[in-house]
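One letter stands for each residue in the lines below.
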Amino acid sequence: QVQFVESGGGLVQAGGSLRLSCAASGRTFSMYTMGWFRQAPGKEREFVAAISWSGGRTYYADSVKGRFTISRDNAKNTVYLQMNSLKPEDTAVYYCAASLAIVARRPSEYAYWGQGTQVTVSS
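Quick summary incoming for the structure in this document. (Residues numbered from 1 in each chain as written. Predicted model: local features only at pLDDT ≥ 70, side-chain atom pairs only at ≥ 80, totals over all residues. Heavy atoms only, no water.)

Counting its secondary structure elements, the protein chain contains zero helices and eleven strands. Going from the N terminus to the C terminus, the protein chain shows its helices and strands as β-β-β-β-β-β-β-β-β-β-β. For 123 residues, the compact-globule formula gives about 14 Å, and the C-alpha radius of gyration of the protein chain, at 13 Å, lands near that figure. Oriented by its inertia axes, the alpha-carbon framework of the protein chain measures out at about 40 × 25 × 25 Å. Summarising the internal contacts of the protein chain: among those between residues at least 6 apart in sequence, 57% fall at separations of at least 24. Of the accessible surface of the protein chain, which amounts to about 6,300 Å², a share of 49% is contributed by carbon and sulfur atoms. (Helix = DSSP H or I, 4+ residues; strand = E, 2+ residues; numbered from the N terminus. Rg over C-alpha atoms; globule rule 2.2 N^0.38 Å. Contact = heavy atoms within 4.5 Å. Areas by Shrake-Rupley, 256 points an atom, 1.4 Å probe, with all protein chains shown as cover.)

Structure below.
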């Protein structure tokens, strides 16, 4: 089993940047595809980005492509989400998650989840 501690959320003005971190416990972190999802009030949880176990492949939602970058450091058991050019519509609780699937974009494909970190972008 893998457990996560997320950090880096906060309040930022539109156009600003934030870097989210998700630190994992356990020795099997490098086995997993890691993903970031977000959920705004009254909306379903949506895919943001994912990265393969090696870090060699990344995937992004169209809404964040070119603005967000997912990365991972398997030596530190940590996955990151660098968010630039933030917009008010990026406001949500952001979750990291782990999947054994090679490519995973749906929440149902992820077995382990972090507790979430709030990101608020003011206009």
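Note on soluble globular proteins: their nonpolar side chains tend to be buried together. The biggest cluster of nonpolar side chains holds 37 residues, and the ones touching the most others in it are M34, W36, V79, L81, M83 and Y94. Going through the elements one at a time, β3 (18-24), β4 (33-39), β5 (46-51), β6 (58-60), β7 (68-73), β8 (78-83), β9 (92-99) and β11 (117-122) are the ones with two or more residues in this core. Among all residues touching M83, those that are not within four sequence positions of it are G16, S17, L18, L20, R67, F68, Y94 and V119. (Core = buried A, V, L, I, M, F, W, Y, C linked by side-chain atoms within 4.5 Å. Buried < 20%, exposed > 50% of the residue type's maximum accessible area, 1.4 Å probe, protein only.)

A complete count under the given rule lists one disulfide for this structure. There is a disulfide in this structure between C22 and C96, and the S-S distance comes to 2.0 Å. Disulfide C22-C96: torsion about the S-S bond near 55°, hence right-handed. Here C22 is found in strand β3, whereas its partner C96 is found in strand β9, with 74 residues between them in sequence. The pair formed by C22 and C96 is uniform in burial state, with each residue classed as buried. (Disulfide = S-S within 2.5 Å.)

To continue, consider the packing of aromatic side chains. If you walk through the whole model with that rule in mind, you get six aromatic pairs. Judged by centre distance (5.1 Å) and plane angle (55°), the rings of F37 and W113 are tilted. With F37 in strand β4 and W113 in strand β10 (residues 112-113), this pair connects stretches of sequence that are 76 residues apart. Taken together, F37, F47, Y95, Y110 and W113 form an aromatic cluster joined through their ring pairs. Against the face of Y95 rests R45, its NZ or CZ located 3.8 Å from the ring centre. (Phe/Tyr/Trp six-rings, centres within 6.5 Å; stacked < 30°, edge-to-face > 60°. Lys NZ or Arg CZ within 6 Å of the ring centre and 35° of its normal.)

Turning our eyes to something else, we now look at the pattern of salt bridges. What the rule picks out here adds up to five salt bridges. When the shortest N-O distance is used, the salt bridge between R38 and D90 registers 2.9 Å. Highlighted residues: R38 in strand β4 and D90 in the loop between β8 and β9, separated in sequence by 52 residues. A relative accessible area of 6% means that R38 is categorised as buried. For D62, the salt bridge identified is with K65, shortest N-O distance 3.2 Å. One exposure class covers both D62 and K65, and it is exposed. (Salt bridge = Lys/Arg side-chain N within 4 Å of Asp/Glu carboxyl O.)

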